[in-house]
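Spelled out from the first residue to the last, the chains are:
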Amino acid sequence: MAPVTVVYFCYGWTLWLFLTWIPQYFLHSYDLDLKKSAIFASSVFFAGVVGDSLGGVVTDRIYKKTGDLNRARSWMVAVCMFCTFLSLIPLMFNHNLYISLACLSAGFFFAEMTIGPMWAVPMDIAHKLSGTASGMMNTGSALAAIISPVVSGYIIDVTGNWELPFVGSMILMLVGMVLTFRMRPRESLDLEGT
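Everything quoted here is computed from the prediction, not taken from an experiment.

Visitor: What is the right way to read the packing of aromatic side chains from this model?
Guide: How two aromatic rings sit relative to each other is set out by the distance from centre to centre and by the angle between their planes. Going through the model one piece at a time under the given rule, you end up with 16 aromatic pairs. Each ring, one from Tyr-25 and one from Phe-26, has its centre 5.3 Å from the other, and the planes form 70 degrees; the classification is edge-to-face. Residue Tyr-25 is classed as buried on the basis of its relative accessible area of 1%. By relative accessible area, which is 0% here, Phe-26 ends up buried. Among the aromatic residues, those joined into a cluster by ring pairs are Phe-18, Tyr-25, Phe-26, Tyr-30, Phe-40, Phe-45, Tyr-98, Phe-108 and Phe-166. A cation sits over an aromatic face here: Arg-73 above Tyr-63, 5.7 Å from the ring centre.

Written as structure tokens, this is what we have:
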């Protein structure tokens, strides 16, 4: 379960960066008024909602078509994390409101596509104790929820650069992508007698 928890930490870092800083990002980085900032932030979050739903549908279809849990879970999470990484790269090289909106929306969409397969993994691994396994996995995101906003705020305070915190997300997406191949959803834990 340790790789699953760390992968979910990597995802959680990006989730909590988005949830806590995206409204402020549009407000301060582009000097928008509160109303416009909220509209742009809502657009990004809506892309995430679509990604949440689609991720569950896609992981189920991959599993139904291939019968391979590793492909339906680990490979899908890896691809989505890599797509999140790619989506955020243009933020480092431009300061255009609409390009930023497109990049952040795509990044959040792909990050949220990991939710369906990630929450299926604890059930795949620990059938009888899937609640405990899910709690262990979610600890990763909870730790990220504590650390990510604080570190991001510190980076913005020190540098004045609102794009720089996304570098941490990009790095963690790559780390998570690599670690997804250590998750073994088709190797269920032997919990007989528990």
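Visitor: Honestly, the packing of helix H5 (residues 115-125) against helix H6 (residues 130-159) in this entry has me stumped. Any pointers?
Guide: Two numbers describe how H5 lies on H6: the axes approach to 8 Å, and their chain directions differ by 135 degrees. Judged on the interaxial angle alone, H6 and H5 are oblique. Along this stretch, H5 crosses H6, giving a crossing that reads as right-handed. The segment H5 lies against H6, with Met-118, Trp-119, Pro-122 and Met-123 engaging Ser-130, Ala-133, Ser-134, Met-137 and Asn-138. Residues of the contact of H5 with H6, tallied by class, amount to 6 nonpolar, 3 polar and no charged.

Each value, and the rule that gives it
- Sequence order as written defines the numbering, with residues in each chain counted from 1.
- Totals for whole chains, interfaces and linings use all residues, but because this is a predicted model, local features are given only for residues with pLDDT of at least 70 and pairs of side-chain atoms are given and counted only at 80 or more.
- To obtain the side-chain values, all non-hydrogen atoms of the structure were included, while hydrogens and water were left out.
- Note on ring pairs: Phe, Tyr and Trp rings are taken, using the six-membered ring of Trp, and paired if centres are within 6.5 Å. Classes follow the plane angle, with under 30 degrees stacked, over 60 edge-to-face and the rest tilted.
- Burial classes follow relative accessibility: with a 1.4 Å probe on protein chains only, a residue under 20% of its type's maximum area counts as buried, one over 50% as exposed, and anything between as partly exposed.
- In this analysis the charged atom, NZ for Lys or CZ for Arg, is taken to sit over a ring once it is within 6 Å of the ring centre and within 35 degrees of the ring normal.
- Axis lines are fitted through C-alpha atoms, for helices just across the contact stretch, and the angle between N-to-C directions can take any value from 0 to 180 degrees.
- By definition, any uninterrupted DSSP run of H or I lasting at least four residues is a helix, any uninterrupted run of E lasting at least two residues is a strand, and each is numbered from the N terminus.
- Roughly parallel refers to an angle under 35 degrees, roughly antiparallel to one over 145, roughly perpendicular to one between 65 and 115, and oblique to any angle outside these ranges.
- By the definition used in this description, the sense in which the near helix is turned from the far one sets the handedness, with an anticlockwise turn below a right angle giving left-handed and a clockwise turn giving right-handed.
- Contact definition: two residues touch when any of their heavy atoms are within 4.5 Å.
- Only Asp, Glu, Lys and Arg are considered charged in this grouping, and only Ala, Val, Leu, Ile, Met, Phe, Trp, Tyr, Cys and Pro are considered nonpolar; every other residue, Gly among them, is considered polar.

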